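# Residue-level structure breakdown
For reference, the chains in residue letters:
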Amino acid sequence: MTETTARICAVHKERYELLLGGTITFAKLKTSVYLNNTEPYPTVGDDVTVLLNPLGDSVIIKTLPRKSFFARSDPNPGVYREQAVAANFDTVFILQSMNQNFNVRRLERTLTLAWQSGGAPVVVLTKQDLVPDHSPYVREAENVALGVDIVPVSAKSGFGLERLDSYLQSGMVSVFLGSSGVGKSSLLNALAGETVMEVSEIREDDARGRHTTTHRQMVRLPSGAFIIDTPGMREMGISQNTDNPEDVRGALNEVFGDVENLICRFSDCKHQSEPGCAVRAAIESGELTKERWDAYVKLKREARYAEDKAAAIREKSARNQGIAIWSRNRGKVVW
Ligand SMILES: Nc1nc2c(ncn2[C@@H]2O[C@H](COP(=O)(O)OP(=O)(O)OP(=O)(O)O)[C@@H](O)[C@H]2O)c(=O)[nH]1
Ligand SMILES: [Mg+2]
């Protein structure tokens, strides 16, 4: 079988759809490589080494190094399951629609995850045609997304789409993140100029989506850019998938620089009744809202948990690798 490199453009349970020289090929993982934890499981956007099988499914034998990676963890307490979402993207489009879906706390959380992934975030405020004035939404988003481009758009009327062009140049890869029903697939269809993804109505009463997109799919636009559409996510927790704890610390610093720059008199200040507490002073003066502080504390706690968990997983994987090498060598006679 010939060995080559291909890019994963969709994942369907155990079968992978690969883009190879403009055509689609199907492949499965080589289980002996992937089951012993030596290779990261590939996801959409990953470049992989594949053994081509002209008669059936080809075989993925290696996941090539990633420049960015986004995983989500189940945020329920006690559950720690990682879900690989996308890899190798340049831009993370964070979509929120300008209705009941708009939520700055969720925006802070998704921004932190986006910075942690290695991609550059852009906030896209959708369904502009449904609001008389989008500027209050843009201002609220600006308060928590300092220095990040915030783009109001309408997939329906085409408003604002040209402001996304600079992120959608040939060869660039973007991923769409956002709750079900915000209009991810509709925006992708509008950018593609044809229906490439199915869309469906949101619920009338609470504007929630119906989880129409059920798998991740990478689509090539006429410009030659790639977009990864994802299923709407209910909750996003800080993932343990960080080889480098600096990633998550850096991400928190990007999103909460204003909070982290507050210096209390005591370095171990608990921000309760200590004199010279800069956090309490900022909340009292209105410079920092209590909600933003609480969101920061919550994410920081999750980040710490994620780091501990990541360290435990790395240790376990090193142990497993040691056992695998030991059992491989066991039968050999070493002189
Ligand atoms: N008025 C208006 N409706 C929109 C716009 N974009 C999307 N919608 C509607 O919002 C609903 C949900 O759109 P989808 O594109 O399926 O949303 P999604 O984010 O892909 O949802 P999931 O696949 O479930 O995650 C559909 O009824 C769309 O027609 C827009 O710009 N304006
Ligand atoms: Mg969709």
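A short tour of the structure in this document, coming up.

With that settled, the discussion passes to empty space enclosed by the protein. If you walk through the whole model with that rule in mind, you get one cavity of 30 Å³ or more. The calculated volume of the largest cavity comes to roughly 50 Å³. Lining the largest cavity are Ile94, Leu95, Gln96, Arg106, Thr110, Leu177, Gly178, Ser179, Met233 and Met236. Elements with a minimum of two residues in the lining of the largest cavity: strand 8 (91-97) and helix 2 (104-117). Ranked by the residues each element gives to the lining of the largest cavity, the list is headed by strand 8, at three residues. Looking at the lining of the largest cavity residue by residue, the classes come out as five nonpolar, four polar and one charged.

Taken together, 23 residues form the shell around ligand 1, and within it Asp129, Ser180, Ser186, Thr212 and Thr213 come nearest. Measuring from an oxygen atom of ligand 1, one finds a backbone N or O atom of valine 182 at 3.4 Å. One of the side-chain N or O atoms of serine 186 is found 2.6 Å from an oxygen atom in ligand 1. Coverage of ligand 1 by the protein amounts to 91% of the 650 Å² it exposes when considered alone. In terms of residue class, the shell around ligand 1 is built from six nonpolar, 12 polar and five charged.

This next bit is on helix 4 (residues 184-192). An α-helix turns once per 3.6 residues; consequently, residues spaced three or four apart project the same way. In terms of burial, helix 4 is largely enclosed, as seven of its nine residues are buried. Taken together, the buried residues of helix 4 touch strand 8, strand 9 (120-126), strand 11 (173-177), strand 12 (217-220) and strand 13 (226-229). Following helix 4 by one or two positions, glycine 193 has its phi on the positive side, about 80 degrees.

On to the environment of leucine 221. With respect to the helices, strands and loops of the structure, leucine 221 is situated in the loop between strand 12 and strand 13. For leucine 221, a relative accessible area of 3% corresponds to the buried category. When the C-alpha positions of leucine 221 and glutamate 194 are compared, they lie 9.9 Å apart, and in sequence the two are 27 residues distant. What leucine 221 contacts, discounting residues up to four positions off in sequence, is Leu168, Leu188, Leu191, Ala192 and Ile227.

What follows deals with the layout of surface pockets. The space that makes up the second largest pocket amounts to roughly 720 Å³. For the second largest pocket, the lining is made up of 31 residues, of which Lys127, Gly181, Ser186, Ser200 and Ile202 are closest to its centre. Per-element accounting of the lining of the second largest pocket gives the leading share, three residues, to helix 4. Here the residues of the lining of the second largest pocket sort into six nonpolar, 16 polar and nine charged.

With respect to the helices and strands, threonine 25 occurs in strand 3 (residues 23-29). With a relative accessible area of 17%, threonine 25 lands in the buried category. Setting aside its immediate chain neighbours within four residues, threonine 25 contacts Tyr16, Glu17, Leu18, Leu20 and Ser58.

Here the focus is the pattern of salt bridges. Enumeration over the complete set of coordinates arrives at 13 salt bridges. With its nearest N and O atoms 3.0 Å apart, the salt bridge here joins aspartate 57 to arginine 15. Note that aspartate 57 is positioned in the loop between strand 4 (47-52) and strand 5 (58-63) and arginine 15 in strand 2 (residues 15-20), a separation of 42 residues in sequence. Classification of aspartate 57 as partly exposed rests on a relative accessible area of 22%. Owing to a relative accessible area of 35%, arginine 15 belongs among the partly exposed residues under this scheme. Residue arginine 105 pairs with glutamate 108 through a salt bridge whose shortest N-O separation is 2.8 Å. Taken together, the residues arginine 105 and glutamate 108, both in helix 2 and three residues apart, mark about one turn of the helix.

Its place among the elements puts tyrosine 34 in helix 1 (residues 31-34). Tyrosine 34 sits 29 residues away from threonine 63 along the chain, and the two C-alpha atoms are 9.6 Å apart. The residues touching tyrosine 34, leaving out its near neighbours within four places in the chain, are Leu29, Glu39, Pro40, Tyr41, Pro42, Ile60, Ile61, Lys62 and Thr63.

Taking burial as the measure, the seven residues of strand 9 include six buried ones, the bulk of the element. When strand 8 meets strand 9, the two strands line up parallel, connected through seven bridges. For isoleucine 94, the partnering residue across the bridge sits in strand 9 and is valine 123. As for the winding sense of the linkage, the β-α-β connection from strand 8 through helix 2 to strand 9 is right-handed. Judged from the three bridges that link them, strand 9 and strand 10 (residues 150-152) form a sheet pairing that is parallel. The residue bridging valine 123 from the neighbouring strand is isoleucine 150, located in strand 10. Once you follow strand 9 into helix 3 (residues 135-144) and on to strand 10, the crossover reads as right-handed.

Rules used in this analysis
- Counting of residues starts from 1 at the beginning of each chain's written sequence and follows it residue by residue.
- To read the labels, note that chains go from A and ligands from 1, taken in the order they are written.
- The model is predicted, so local features are restricted to residues of pLDDT at least 70 and side-chain atom pairs to those at 80 or more, both for listing and for counting; the totals for chains, interfaces and linings are taken over all residues.
- To obtain the side-chain values, all non-hydrogen atoms of the structure were included, while hydrogens and water were left out.
- A pocket, in this scheme, is an open set of points on a 1 Å grid over the protein atoms alone with protein on both sides within 12 Å along at least 5 of 7 lines, while a cavity is a set where a 1.4 Å probe fits but cannot get out; residues line either one if an atom lies within 4 Å of a point.
- Grid points are joined across faces, edges and corners, and a volume is the space filled by probe spheres set on the points.
- Helix numbers and strand numbers start at the N terminus; a helix is a DSSP run of H or I with at least 4 residues, a strand a run of E with at least 2.
- Residues are grouped as follows: Ala, Val, Leu, Ile, Met, Phe, Trp, Tyr, Cys and Pro are nonpolar; Asp, Glu, Lys and Arg are charged; every other residue, Gly included, is polar.
- One heavy atom suffices: a residue is near a molecule or strand as soon as one of its heavy atoms comes within 4 Å of it.
- In protein, a polar contact requires one atom able to donate a hydrogen and another able to accept it; more generally it is a pair of N or O atoms within 3.5 Å, and residues adjacent in sequence count only if both atoms are side-chain atoms.
- Surface accessibility in these figures is a Shrake-Rupley result with a 1.4 Å probe; residues are shielded only by whichever protein chains are displayed.
- Exposure categories follow from relative accessible area, calculated using a 1.4 Å probe and restricted to protein chains: below 20% of the type maximum is buried, above 50% is exposed, and the middle band is partly exposed.
- Contacts: residue pairs with any heavy atoms within 4.5 Å of one another.
- We define a salt bridge as a side-chain nitrogen of Lys or Arg found within 4 Å of a carboxyl oxygen belonging to Asp or Glu.
- DSSP-based pairing: two strands are paired if at least 2 bridges between them are found.
- By convention, orient the strands away from the viewer: a clockwise path from the first strand over the helix to the second makes the crossover right-handed.

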